[in-house]
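Here are the chains, one letter per residue:
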Amino acid sequence: MSQETIEFHYGKHHQAYIDNLNGLIEGTDLAELPIEEVIVKAEPGPIFNNSAQAYNHSFYWQCLTTPQGESNAPSGKLAQAIDEAFTDFATFKTQFSEMASKHFGSGWAWLLVGKSGKLEMLAMHDAGTPIQDGLKPLLAVDVWEHAYYIDYRNKRPDYLAAIWQIIDWQFVESQYDATAPSSLMLPE
Ligand code: MN
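One numbering rule holds for all chains: residues counted from 1, following each sequence as written. Residue-level local features of this predicted model are given only where pLDDT is at least 70; pairs of side-chain atoms are given and counted only at 80 or more, and the full residue set underlies all totals for whole chains, interfaces and linings. Hydrogens and waters are ignored; side-chain quantities use all the structure's heavy atoms.

A few points about unusual backbone geometry
Moving on, step 1. Not every positive phi belongs to a glycine, and Asp126 is a case in point at roughly 55°.
Moving on, step 2. Numbering of helices and strands starts at the N terminus; helices are DSSP runs of H or I of at least 4 residues and strands are runs of E of at least 2. Within the secondary structure, Asp126 is located in the loop between β2 (119–125) and β3 (136–142).
Moving on, step 3. Of note, the phi angle at Arg153 is positive, near 50°, even though the residue is not glycine.
Moving on, step 4. By the secondary structure assignment, Arg153 is in the loop between α6 (149–152) and α7 (156–163).

Here we look at the sheet that holds β2
To summarise the sheet geometry, strands pair through backbone hydrogen bonds and adopt either a parallel or an antiparallel arrangement.
Moving on, step 1. Whether two strands pair depends on DSSP finding at least two bridges between them. Taken together, the three strands give an open sheet; going across it, the order is β2-β1-β3, and neighbouring strands pair in antiparallel fashion. The open sheet is flanked by β2 and β3, the only strands paired with a single partner. Averaged over neighbouring strand pairs, the angle between their axes works out to 25° when direction is ignored.
Moving on, step 2. Here seven bridges tie strand β1 (residues 107–113) to β2, and the two strands are oriented antiparallel to one another. Directly across from Gly107, in β2, lies its bridge partner His125. Axis definition: a line fit to C-alpha positions, over the contact stretch in the case of helices; interaxial angles, taken between N-to-C directions, run 0 to 180 degrees.

A short note on the packing of helix α4 (residues 76–86) against helix α5 (residues 89–102)
Moving on, step 1. Two elements in contact, α4 and α5, have axes whose closest approach is 8 Å; the angle formed by their N-to-C orientations is 70°. It follows that α4 is roughly perpendicular to α5 by the angle criterion. Between α4 and α5 the crossing geometry is left-handed. Contact with α4, carried on its side by Ile82, Asp83 and Phe86, involves Phe89, Thr91, Phe92 and Gln95 of α5 and no other residues of that element.
Moving on, step 2. Here the residues of the contact of α4 with α5 are counted per class, giving four nonpolar, two polar and one charged. When describing relative orientation, an angle under 35 degrees is termed roughly parallel and one over 145 degrees roughly antiparallel, while 65 to 115 degrees is termed roughly perpendicular and anything else oblique. Crossing handedness is defined as follows: a turn of the near helix away from the far one that is anticlockwise and smaller than a right angle gives a left-handed crossing, while the clockwise case is right-handed. In what follows, residue pairs with any heavy atoms lying within 4.5 Å of each other are defined as contacts. Here the term charged refers only to Asp, Glu, Lys and Arg, the term nonpolar to Ala, Val, Leu, Ile, Met, Phe, Trp, Tyr, Cys and Pro, and the term polar to all other amino acids, Gly among them.

Considering the nonpolar core
One broad trend across soluble globular proteins is that nonpolar side chains are buried collectively.
Moving on, step 1. Throughout, nonpolar core names a set of buried Ala, Val, Leu, Ile, Met, Phe, Trp, Tyr and Cys residues whose side chains join them through atoms within 4.5 Å. Accessible area is worked out with a 1.4 Å probe on protein chains only. A residue is then buried under 20% of its type maximum, exposed over 50%, and partly exposed in between. Counting residues in each nonpolar core, the largest one holds 56 residues, and the members touching the most others are Phe92, Phe96, Leu139 and Trp169.
Moving on, step 2. Element by element, the count of residues in this core is highest for helix α3 (residues 46–62), at seven residues.
Moving on, step 3. The contacts of Trp169, once residues within four sequence positions are left out, are Asn72, Ala73, Pro74, Leu78, Ile82, Phe89, Phe92, Leu139 and Trp164.

Examining the coordination of the manganese ion
Moving on, step 1. Here a donor is an N, O or S atom found within 2.8 Å of the metal, or within 3.2 Å if the metal is Na, K or Ca; sites may look incomplete because water is not among the atoms. Taken together, His9 (NE2), His57 (NE2), Asp142 (OD) and His146 (NE2) make up the full set of protein donors to the manganese ion, lying 1.9 to 2.1 Å away.
Moving on, step 2. Taken in sequence order, the residues that donate to the manganese ion follow the motif H-x47-H-x84-D-x3-H. Here Asp142 lies in strand β3 and His9 lies in helix α1 (residues 3–25), a separation of 133 residues in the sequence.

A word on the environment of Leu112
Moving on, step 1. As for its placement among the helices and strands, Leu112 is situated in strand β1.
Moving on, step 2. Dropping the residues within four chain positions of it, Leu112 is found in contact with Lys118, Leu119, Glu120, Leu122, Pro130, Leu135, Lys136, Pro137 and Leu138.

Some remarks on the side chain of Asn72
Moving on, step 1. Its location among the elements puts Asn72 in the loop between α3 and α4.
Moving on, step 2. Owing to a relative accessible area of 11%, Asn72 belongs among the buried residues under this scheme.
Moving on, step 3. When near neighbours in sequence (up to four residues on either side) are disregarded, Asn72 contacts Phe89, Trp164, Gln165, Ile166, Ile167 and Trp169.

What about α1?
Moving on, step 1. Taking 1.5 Å per residue, 23 residues should reach 33 Å; α1 reaches 31 Å between its end C-alpha atoms and fits that length.
Moving on, step 2. Bending is quantified residue by residue as the angle between axes fitted to the seven-residue window ending at that residue and the seven-residue window starting at it. Gln15 marks where α1 bends most, by close to 30°.
Moving on, step 3. Residues of α1 that are buried make contact with α2 (35–41), α3, β3 and α6.
Moving on, step 4. A positive backbone phi angle near 80° is found at Gly27, which sits one or two residues after α1. Here the expected span of a helix is defined as 1.5 Å times the quantity of residues minus one.

In structure tokens form, the structure reads like this:
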């Protein structure tokens, strides 16, 4: 992932969601609430869209790290749970990339803990987030065009093939081990 992608995606797209949200909730009851509560309380519309996008992007950045090579993989309880849900890690990666690459239009690909307590993968449209349904997100991959267009142009599958080398599995594992979604570091 190039510096230019980070500069635009983090510095401009993500920042715009934060700025829009701050403007929308300034002086309202929502202004002092944790972002997760803003998302749950928001009606469909601009406050939901901007709060969910602010949250999703913060989550996404924390899922990424420096290049770790082809062998980058989860360990411990999370690795076991992935094997149980998807047969093995290689199958999980193939299925997740396929789901994310076939998702029509803008949105997010998630690994999450479903209502049953088992791991599930889910593609959600636009600002969709597991938080709105009370589900625990573990891994977020942005599939909006702005996430890959600078580096990969129209080739979303190439972005998805490369991203496995920069997933921060320690962060994903920490989310799986946590009893509730952790509070995220949000930009000002
Ligand atoms: Mn994005």
